[in-house]
Amino acid sequence: MSLLEIYEISAYYVHNNSTTKAVDNVSFSVEENEIFGIAGESGCGKSTLVKTIYGFIEPPLYLDKGKIIYNFKDSNEINSVTKKNISSNWWKKISYIPQGSMNVLNPVRRIKKFFRNLWKAHSMNLSYEKYYNLVISHLHHLGLPADILEYYPHQLSGGMKQRVVIAAASLFHPELIVADEPTSALDVGVQLDVLRLLIKIQNEYKNTIIIVAHDMSVMANFCSRIAIMYAGNIVEVAETKALFKNPLHPYTKLLIDSLPKIGDIRELKAIPGSPPDLTSPPSGCKFHPRCHFAKNICIKEEPNLKKITIDHAVACHLLER
Amino acid sequence: MNAMEGISIKNVTKTYSQRILFSKKTFNAVENVSLDITTDPPEIFSLVGESGSGKSTLANMILQLIKPDIGEILLNGKKINDFEMLEFMKKIQPIFQDPFDSFDPMKKTDLFIYETVKNFNIARNKDSINYIIDQCLQKVGLNYQMIKGRYPHEFSGGQLQRIAIARALVVKPLFLVADEPVSMLDASLRISIVNLFKQLKEKENLSVLYITHDLSTAYYISDRIGVMLRGNLVEIGNAKEILGEPLHPYTQFLMKALLEPDPDKTKISLFDNEKNEEKMTEVSEYQLKGCKYANRCPNVKKICREKNPEYYYIKNRKIKCFLYEEFK
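Residues numbered from 1 in each chain as written. Chains lettered and ligands numbered in written order. Predicted model: local features only at pLDDT ≥ 70, side-chain atom pairs only at ≥ 80, totals over all residues.

As recorded in an unreviewed UniProt entry, chain B goes by the name ABC-type oligopeptide transport system, ATPase component, listed as coming from Defluviitoga tunisiensis.

Under an unreviewed UniProt entry, chain A has the name BC-type dipeptide/oligopeptide/nickel transport system, ATPase component and belongs to Defluviitoga tunisiensis.

Next up, the structure:
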């Protein structure tokens, strides 16, 4: 049984008179103990998708249709996590590392206070002393010095702040960690260290990580499976190696071809055109205005995500037989 | 002194000071940097390094936004502060990191280019101004109709960055200083901007100083590359050679940390026992007496901590590292 099953969710933003279809009819599942990546251009709805998964749905965002099933270990009919009670399971079963999360720390409070607030909100069944020892041993385990608890956020570097947030997110050993662009604002060397830390956590606690990034090189190095998103739809889901070796959707092909590599002196081509406006997306397949292979059917009908092999699904009319 | 066509930076140092309560620390954000970038023939020179290594300080000194404390910068053999500001800006134009910050959100985008044309007295009547604007926009793959009467928020980041480049082209500059022009953009848009620089170099004879921390785009476009470490240029030379076979330990570290979009070359293995070495704070690394990399370098020797190395020449690259002492 998959840890997370998502059926045809659509999440829209409402503005004055228009709705932005940020996530449109998306279905996929995430297995236990895997690192699942969601990649795509900015504005394609990846952050909205993970916010919906985390259950953080606040106006102007609303869930138009669809359902999400969380199959956590001890969940049964009475005790299952649903959309309604998910907020009480935050940090314990599912935790979220938001975008730019190194800025979530309060600049005028010590890191200790941040952890204390976490205790007040989620862990009052433990005495504070026990909790404090838990925090220290957890930090120590992740290779962070315990004296950072006495620091203010401005005394830490960006990478350290990011690690503190990751440490907090993994403190109660949640089964699912959702990380939204955890490395995009960091330096190259620090980026690698932060990803290593996430791998270490995943390896030890055997939890599932969903990571969102626009950087395909992070994806290639980190994920076991990748979903490519375009204009609110998932267009391709595959195992990392299969996706990079044999991309099937025209968008994925262009995306992977446009990445510069060291030692590769080919002339690279950017993807022609620009991503569509999601308040009035194009008809049919949303990629058809930019696609070289667009046929009549692409303009009329929206393709569905179909499995080509066991681990490779694509939403494209060209591959349907 | 030979009057070289282009920018020539001679032994430039910029010192900043940091005050914490009653103590004062000074450090050199740029330390004794010399560098020539030619505009004839045009070249794309990349400056790479971690954040806080003084790349932007160097760029701002070239743009005359800050003054160097020691040393001088020459443009075509003449000191840059001897130029009239308008004349200087006709030769060198900047492109900044965040295109959304370089535009006034309350003003129409075409007005931004229009004002540049007016300020530089390039054309006076409306038709010829419009013609110039259209010409410049076509060089970056847009046209006047597309941007007329629209506000910055109606464009994507990539489009806005193109418009910012078009604005810089209005004065027909010799030299563009692009400070992290693609770091705010998506990977798929990056390559289109980077290709644009390549095109401008070939068609408009424009030299570009491309400042970035992204080694793979630097490898892709640049002719020469300079690696910056805490104010020092530690390795300069042909981009393909340096990134193909890095010699300075810091460049080697950058290459090792670079993630590549290839799952076969994964660098984060599950059984990685490499320790997360705590980086020193920036300022304390700046204040090291010897080589600034001494505390992180795997090949550190005694002399590295005592003296800042000079340049050693290997083939056609310059390296600031005692490992290559015999090549003096």
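### Topic: the interface of chain A and chain B
What counts is decided by this rule: By definition, residues are in contact whenever their C-beta atoms, placed on the basis of the backbone, come within 7 Å of each other. Only DSSP runs of H or I with at least four residues qualify as helices, and only runs of E with at least two residues qualify as strands; both kinds are numbered from the N terminus onward. Gly counts as polar in this scheme, as do all residues outside two lists: the nonpolar Ala, Val, Leu, Ile, Met, Phe, Trp, Tyr, Cys and Pro, and the charged Asp, Glu, Lys and Arg.
With 35 residues of chain A at the contact, the number on the chain B side is 34 residues. Among the elements of the structure, helix 5 (188-205), helix 6 (216-222) and helix 7 (240-245) of chain A are those that each provide at least two residues to the side of chain A that touches chain B. With eight residues, helix 5 of chain A is the single largest residue contributor to the side of chain A that touches chain B. In the side of chain A that touches chain B, the residues fall into 16 nonpolar, 12 polar and seven charged.

### Here we look at helix 1 (residues 55-62) of chain B
All names here are of chain B. Rules: Comment: burial labels come from other C-beta atoms within 10 Å of the residue's own C-beta, placed from the backbone, where a count of 20 or more is buried, 12 or fewer is exposed, and between is partly exposed.
In terms of residue burial, helix 1 counts as a mostly covered element, since seven of its eight residues are buried. The set of residues buried in helix 1 consists of Lys55, Ser56, Thr57, Leu58, Ala59, Met61 and Ile62. Positive phi shows up at Gln64, right after helix 1, with a value of about 65°.

### Let's talk about the UniProt feature "domain: ABC transporter" (unreviewed entry) in chain B
Note the threshold: UniProt positions are given in the numbering used here, feature names are shortened, and annotations may be inferred rather than shown by experiment.
Feature annotation in UniProt assigns "domain: ABC transporter" (unreviewed entry) to the following positions: residues 7-255 of chain B. The span residues 7-255 of chain B is 40% helical and 29% strand by assignment, and the distance between its end C-alpha atoms comes to 28 Å.

### Quick notes on the pairing of strand 9 (residues 233-239) of chain A
Residue and element names in this part refer to chain A. Note the threshold: Pairing between strands requires that DSSP locate at least two bridges from one strand to the other.
The buried count for strand 9 comes to six of seven residues, which makes it a mostly enclosed element. Pairing analysis gives six bridges linking strand 8 (residues 225-230) to strand 9, with the strands arranged antiparallel. What sits directly across from Ile228, in strand 9, is Glu236. Where strand 8 hands over to strand 9, the hairpin turn is made up of two residues, of which Ala231 adopts a positive phi near 50°. For strand 9 and strand 11 (residues 312-314), the ladder comprises three bridges, and the chain directions are antiparallel. If you follow Glu236 over to strand 11, its bridge partner there is Val314.

### Digging into the sheet that holds strand 10 (residues 232-238) of chain B
Residues and elements named next belong to chain B. Threshold: All axes are obtained by fitting lines to C-alpha atoms, using only the stretch in contact for helices, and the reported angles, taken between N-to-C directions, cover 0 to 180 degrees.
Taken in spatial order, the eight strands line up as 6-7-8-3-9-10-12-11 in an open sheet, and their pairing is mixed. Across the chains shown, the open sheet's two edge strands, defined by having one partner strand only, are strand 6 (92-95) and strand 11 (312-314). Sheet twist, expressed as the mean angle between neighbouring strand axes with direction ignored, is 20°. Where strand 6 lies against strand 7 (residues 175-179), four bridges are found, and the strand directions are parallel. Across the sheet, Gln93 pairs through a bridge with Leu176, a residue of strand 7.

### Examining the nonpolar core
Soluble globular proteins: nonpolar side chains tend toward being buried together. Using the following cut-off: To form a nonpolar core, buried Ala, Val, Leu, Ile, Met, Phe, Trp, Tyr and Cys residues must be joined through C-beta atoms within 7 Å.
Formed by 178 residues in total, the largest nonpolar core has its most connected members in Val178(A), Leu209(B) and Tyr210(B). Setting aside anything within four residues of it in sequence, one finds Tyr210(B) in contact with Ile44(B), Phe45(B), Ser46(B), Ala178(B), Phe197(B), Ala218(B), Ile221(B) and Ser222(B).

### Here's the deal with helix 7 (residues 157-169) of chain B
Basically, it comes down to this: Multiplying 1.5 Å by the helix residue count minus one yields the expected span of that helix.
The end-to-end C-alpha separation of helix 7 of chain B is 18 Å, in line with the 18 Å expected for 13 residues at 1.5 Å each. Among the residues of helix 7 of chain B, those classed as buried are Gly158(B), Gln159(B), Leu160(B), Gln161(B), Arg162(B), Ile163(B), Ala164(B), Ile165(B), Ala166(B), Arg167(B), Ala168(B) and Leu169(B).

### A closer look at unusual backbone geometry
Residues and elements named next belong to chain A. Geometrically, the link from Pro59 to Pro60 is a cis peptide bond, its omega value of 5° lying close to zero. Mapped onto the elements, Pro60 comes out in the loop between helix 1 (46-54) and strand 4 (61-70). Despite not being glycine, Glu8 has its phi angle at roughly 45°, a positive value. The residue Glu8 is located in strand 1 (residues 4-14) in this model. Taking the C-beta count within 10 Å as the criterion, Glu8 has 12 such neighbours and is therefore assigned exposed. Residue Asn25 is not a glycine yet carries a positive backbone phi of 55°.

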